[in-house]
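# Structural overview for review
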Amino acid sequence: MNAHRGHFKSALTTIRANRGRSFLTMFGVIVGVASVVTVVGIGEGVKHQLSKQIDQLGKNVLTIRPASLNGQQAGQSLTTLGSYVASGSLSEDDVHQVATAKNVQVSVPLSIVAGTPQGDNSYKNGPVLATTSNLPKVLSQSMAYGGFFANDDVNQDVAVLGQTAAEQLFNQDVPLGRSFTFRGQQFVVSGVFNQFAAAPFSNDIDFNKAIFIPDSAASQLVSTSPPLYEILAKVDNQNSLNTTATDITKRLLKTHGNQQDFSVLKPSQSLAASTAIFNTFTELIVGVAAISLFVGGIGIMNVMLVSVTERMHEIGVRKAVGATNRQILHQFIIEAATLSVLGAFIGIIVSLIIDVVLWITTSLSPVISWQIMILATVVAVFSGIIFGSFPAMRAARKDPIEALRSE
Amino acid sequence: MPVIELQDVSRLYGFGDATTLALDEVNLTIEKGEFVAVMGPSGCGKSTLMNIIGLLDHPSHGSYKLYDRYVDRLRPSQAAKARRDTIGFIFQSFNLLPKLTVLENVALPLVYKGIKPVKRLKLASNMLERVGMQNREYFFPSQLSGGQVQCAAIARALVNDPNLLIADEPTGNLDSAGSRLVMELMSELHKMGNTIIFVTHNPELTRYATRVVYMRDGTIVHDEKKSLGEVAQTARRMMYTLPVASEEDDLAGVSTLMKALPAKPTKSRQKAAKKTTTKGTKTTRRKARR
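The model shown is predicted, which means the values in this text are computed figures rather than measured ones. (Residues numbered from 1 in each chain as written. Chains lettered and ligands numbered in written order. Predicted model: local features only at pLDDT ≥ 70, side-chain atom pairs only at ≥ 80, totals over all residues.)

Residue and element names in this part refer to chain B. Backbone geometry at Leu-55 places phi at a positive 60°, although glycine is not the residue there. Checked against the element boundaries, Leu-55 lands in the loop between helix H1 (46-53) and strand S4 (61-66). Phi at Glu-169 is positive, roughly 50°, even though this residue is not glycine. Take Glu-169: it is sitting in the loop between strand S7 (164-167) and helix H6 (176-191). (Helix = DSSP H or I, 4+ residues; strand = E, 2+ residues; numbered from the N terminus.)

Written out as C-alpha cells, the structure reads:
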C-alpha cells in the first residue's frame, strides 16, 4: 500500500513533467466525461422543466387534442404542432361534448387564429389563441399586470399577452392599454401573464409567446370557425381523471363516427410524450460519448507505450535496486489510472462550466447529478486501467540489464 | 563460508552465427570481507561478470552460489528480492533518477521493500549522513558534482544493509578528487566488514583492494592477493613506465600491463577457441559497455 502511494506520487510527478503530452492524453477522457455529464444534466433539467409545465396546467386537467397521440407511440412519431391543427378534427360540437362530460368542472377551447398582429413591431414568433374567459380557472397561473377578460368582455376587442409576446410586440413589459392591429381589427391589451414555465423540446405551444383574444371576437374576424388547437377540461378531483377521460373518449368517438382522430391526454401522458423524444436524443449523445471515452482510452494506451519506451532506463534502475515485475506493473497502471482520473475530473469541471453557461444563455436549466459524475469517473478509471495494463506489462517484463542499457 | 562461488560460469550473447562469448567458464570464489579489484581491457567481460554477480544478468552455463544458495536460475521476482536485500550495486554512470531528490533516490530501494514513507526517508537520511552528504539531501542529482552523486549512489546501495557491494567502474566518470572521495568511502565500508567487488582501469586504485583479479577475453588470467595500501605487484610493473593522467591513458596502461603478463593459454581457453571455431562463429568480442 505504501509503495502504491509512492507510485501515485511518482505518477503525478511524471504527469506534471510532461504537461502537454498528458493533456493530449486526457483530452479524449475529458471530452467523453464532459459530454456525458452535460447531456445527462440537460436531460434531467428538461424533464424537470416539463413536469413543472405540467404542474402549472394543474394535476386534474385533461387535454384533448386533434389527431391521435398514443402515449406509447409518442416517442416514435415526432408529431409537430402543425399536423395536429391541420387535421382539424375537433369541432365546436366536441367542445360541448367535453363540457357536459362526467365530472368536468370547466372546459376551455383554445383555437389558433392565423395572422400577424401589428403593434410597435409586427409579431410572428407566437400564435394568436382564441379562448373563453374560463382559461384562468384551468391554468394555475397568475397575472402580472391587469386581468384576464371577464365574461362581459367577451364581445369586446381586448387581448391578454404572454410575457415574451408583450416584450416583442411593444418593446415594454407593461403595455396595458396599448393596442395592436390584428386582421384589420384593433385590440386593446387588458392584461399580461406572469412567466409560464416553459420546457424546451416540448410539443406544446409556449404560452409566453401567445396572444389570447376572446373567441367571440375571433369568430368575427374569420368567416369559418378557427381550427381548435386543444380543449382543456378541468375535472373535479384527481381520482376521477381516468373515468372522465374514458367518458370523454366514448362521447367523442360517438360524434366522430368511431374514428379515433383525437387524443385525450392526462397530465402524465403529455409529459411522457416529450420525455420519450428527449430520452432518445440523450441515448444517442451518451453513445457518442462512450465512443469518445473508448478513443480516450486508446490515447492513454498510446501515450503509456511512449512513456514506457522513454523511461526504459528508469525502469532498469528501479529493477536494479530491487523492484519486482509486479511493482513496476502497478506503478504504470497507477499512472494510467491517475491520468484518467485527472481527465474525468477536468471533464466534470468543463461540464459544470458548460451547464452554467447554458443556464445563463438559454432556456435550458441543466440539473447537476452527482450519480452521473461518479459513474463517468468510474468508467474513465476502468478504461484507464484496462488500456494502461498492456503498456505496463511491457514495462514490467523487460529484462533489467536490457532496460539499464537503453538511454 | 564464501560469499560468492562462481563455477564454470559462461555467458553467451546472441545466437547462431552472431553468438559472442562474453564470459568463458569463469571460476571465482570470494570470501567474506574481501575487497576485490577487477581489472582488464575493455570488452574482457568485467561488466558481464559484475552483472551476473549482481543478479542483473544470469549465466548461460555454470552455477552461481550467493551466500551458499544457488541463484543462477532464480525467477525474476526472486532475483529482484535478492538484489533488494543482499546486494548493493554501484554504476559507472551513477543511475540516480534525475527527477527525484537525492534523499528520495536513496530511499528508492526501501519503497520496494514496503517501508513507510516517514521511516524510509529517515533511514535514507541516516545513510546519507554516513556517506557525508547530510547537507545535500534535497538537492537533485544534476545539482551535485560527480563524486557527490556517486556517494549518493553508494548510500542508495547501502540503504538495505546488503553486506555485498558491487561497483562497476565507480570512478570511471569521476575526476581524481571524486575518485578519492568514493574510494575512501568504499575502503571505510570495507573496514566495517562489507564485501566489496569493484572494476577499475586505474592501477593506482588497487592500493585500496585486498585482492586483484585480471581478466582478458572473458576469462580470469591472473588472481593476486595483496596487503592493503600497496599497489598490486603486476599493476606496479607498468605504473612507473606510463604517466597516468586520463582515463584513456588508464586504458592504454592496462593494455600494456596485459602484454606484460605471462601469456598462459589455459585448457579452458583452448576449449573455448575450439567451440567457437566449430560453430563457425565470429571471434569478435562483445563491445565494451559503459
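After presenting the structure, the write-up continues.
Consecutive residues of a regular strand have side chains that alternate between opposite faces of the sheet. All names here are of chain B. Side chains Leu-164 and Ile-166 of S7 all project onto a buried face; the interleaved residues Leu-165 and Ala-167 project onto the opposite face, where all are buried too. Bridging between strand S6 (residues 87-90) and S7 involves four bridges; their strand directions are parallel. Counterpart to Gly-88 in the pairing with S7 is Leu-165. Looking at chain direction, S7 and strand S8 (residues 195-199) are connected through four bridges and run parallel. Across the sheet, Ala-167 pairs through a bridge with Phe-198, a residue of S8. Handedness of the crossover joining S7 and S8 through H6 is recorded here as right-handed. (Buried ≥ 20, exposed ≤ 12 C-beta atoms within 10 Å, placed from the backbone. Pairing = 2+ DSSP bridges. Right-handed = clockwise from strand over helix to strand, strands pointing away.)

With that settled, consider the interface of chain A and chain B. Listed as interface residues are 20 residues of chain A and, on the opposing side, 23 residues of chain B. Where the side of chain A that touches chain B is concerned, the elements lending two or more residues are helix H1 (2-17), helix H10 (312-320), helix H11 (325-361) and helix H13 (400-405) of chain A. In terms of residue count, the dominant contributor to the side of chain A that touches chain B is H1(A) (six residues). Taken together, the residues of the side of chain A that touches chain B sort by class into eight nonpolar, seven polar and five charged. (Contact = placed C-beta atoms within 7 Å. Nonpolar A, V, L, I, M, F, W, Y, C, P; charged D, E, K, R; others polar.)

To characterise two packed helices, one gives the angle between the axes of the helices and the distance between these axes. All names here are of chain A. The N-to-C vectors of helix H4 (residues 92-99) and helix H8 (residues 241-255) enclose an angle of 150°; their axes lie 9 Å apart at closest approach. With respect to H8, the element H4 is oriented roughly antiparallel. Our pair here, H4 against H8, has a crossing hand that is right-handed. Of H8, the residues touching H4 (which contributes Asp-93, Asp-94, Gln-97 and Val-98) are Ile-248, Arg-251, Leu-252 and Thr-255. Taken together, the residues that form the contact of H4 with H8 break down as three nonpolar, two polar and three charged. (Axes fitted to C-alpha atoms, helices over the stretch in contact; angles between N-to-C directions. Parallel < 35°, antiparallel > 145°, perpendicular 65-115°, else oblique. Left-handed = near helix turned anticlockwise from the far one by under 90°.)

Turning to helix H6 (residues 163-170) of chain A, a few remarks are in order. Given 3.6 residues to a turn, an α-helix orients residues that are three or four positions apart in the same direction. Inspection of H6(A) places Thr164(A), Ala165(A), Ala166(A), Leu169(A) and Phe170(A) among the buried residues, and these make up the whole buried set. Among the residues trailing H6(A), Asn171(A) stands out with phi positive, at a value near 60°.

The next point concerns the sheet that holds strand S10 (residues 219-225) of chain B. All names here are of chain B. Ordered in space as S6-S7-S8-S3-S9-S10, the six strands form an open sheet in which the pairing is mixed. The open sheet has two free edges, formed respectively by S6 and S10, since each of these has just one partner strand. Each strand axis lies, on average, 15° off the axis of its neighbour in the sheet, ignoring direction. Each of S6 and S7 touches helix H5 (residues 146-158); the most contacted strand, S6, lies at about 165° to it.

Bringing the confidence of the model for chain A into the picture now. Residues and elements named next belong to chain A. For chain A, per-residue confidence averages 79 on the pLDDT scale, and residues scoring 70 or more make up 88% of the total. When pLDDT is averaged over each element of chain A, H10 comes out on top at 90 and helix H3 (residues 81-87) at the bottom at 47. Predicted confidence is poor over residues 70-86, with pLDDT under 50, and the contacts of this stretch with residues over four places away or in other chains come to 25 contacts. (pLDDT = per-residue confidence, 0-100.)

A separate point is the sheet that holds strand S2 (residues 20-31) of chain B. Residue and element names in this part refer to chain B. With antiparallel pairing, the four strands of this open sheet are ordered in space as S2-S1-S4-S5. Each end of this open sheet is capped by a strand with a single partner; those strands are S2 and strand S5 (69-70). Sheet analysis places strand S1 (residues 2-13) next to S4, joined by five bridges and oriented antiparallel. Opposite Gln-7, over in S4, you have Ser-63 as the bridge partner.

Attention now goes to the packing of H5(B) against H6(B). Residues and elements named next belong to chain B. Viewed as axis vectors pointing N to C, H5 and H6 meet at an angle of 20°, and their least axial separation amounts to 8 Å. Here H5 is positioned roughly parallel relative to H6, judged by the angle of their axes. In the crossing of H5 with H6, the sense of the turn from one axis to the other is right-handed. Listed contacts from H6 to Gly-146, Gly-147, Gln-150, Cys-151 and Ile-154 of H5 are Ala-177, Gly-178, Leu-181, Val-182 and Leu-185. The residue makeup of the contact of H5 with H6, split by class, is six nonpolar, four polar and no charged.

Counting 128 residues, the largest nonpolar core has Val33(A), Val38(B), Val106(B), Leu128(B), Ala152(B), Ala155(B) and Ile166(B) as its most contacted members. Ranked by residue count, the leading element in this core is helix H2 (residues 19-57) of chain A, at twelve residues. Apart from residues no more than four positions distant in its own chain, Val33(A) is found in contact with Gly343(A), Ala344(A), Gly347(A), Ile348(A), Ala376(A) and Ala380(A). One finds Leu62(A), Leu135(A), Phe182(A) and Val235(A) within the second-largest nonpolar core, a separate group that totals 53 residues. (Core = buried A, V, L, I, M, F, W, Y, C linked by C-beta atoms within 7 Å.)

Relative to the helices and strands, Gln143(B) resides in the loop between helix H4 (117-130) and H5. Measuring from C-alpha to C-alpha, the distance between Gln143(B) and Pro98(B) comes to 9.9 Å, with 45 residues separating the pair along the chain.

Tracing the backbone shows Leu375(A) in helix H12 (residues 370-397). Along the primary structure Leu375(A) and Val37(A) are separated by 338 residues, whereas in three dimensions their C-alpha atoms are 9.3 Å apart.

Below, the discussion takes up the confidence of the model for chain B. Residue and element names in this part refer to chain B. Here chain B averages 81 in pLDDT, while 81% of its residues score no lower than 70. Considering each helix and strand of chain B separately, the mean pLDDT is smallest for helix H9 (residues 267-278), with a value of 48, and largest for S8, with 93. Considering only residues more than four positions removed or in separate chains, one finds that residues 239-245, a stretch of pLDDT under 50, has twelve contacts. For residues 272-290, every residue scores under 50 in pLDDT, and the model assigns this stretch 24 contacts once sequence neighbours within four places are set aside.

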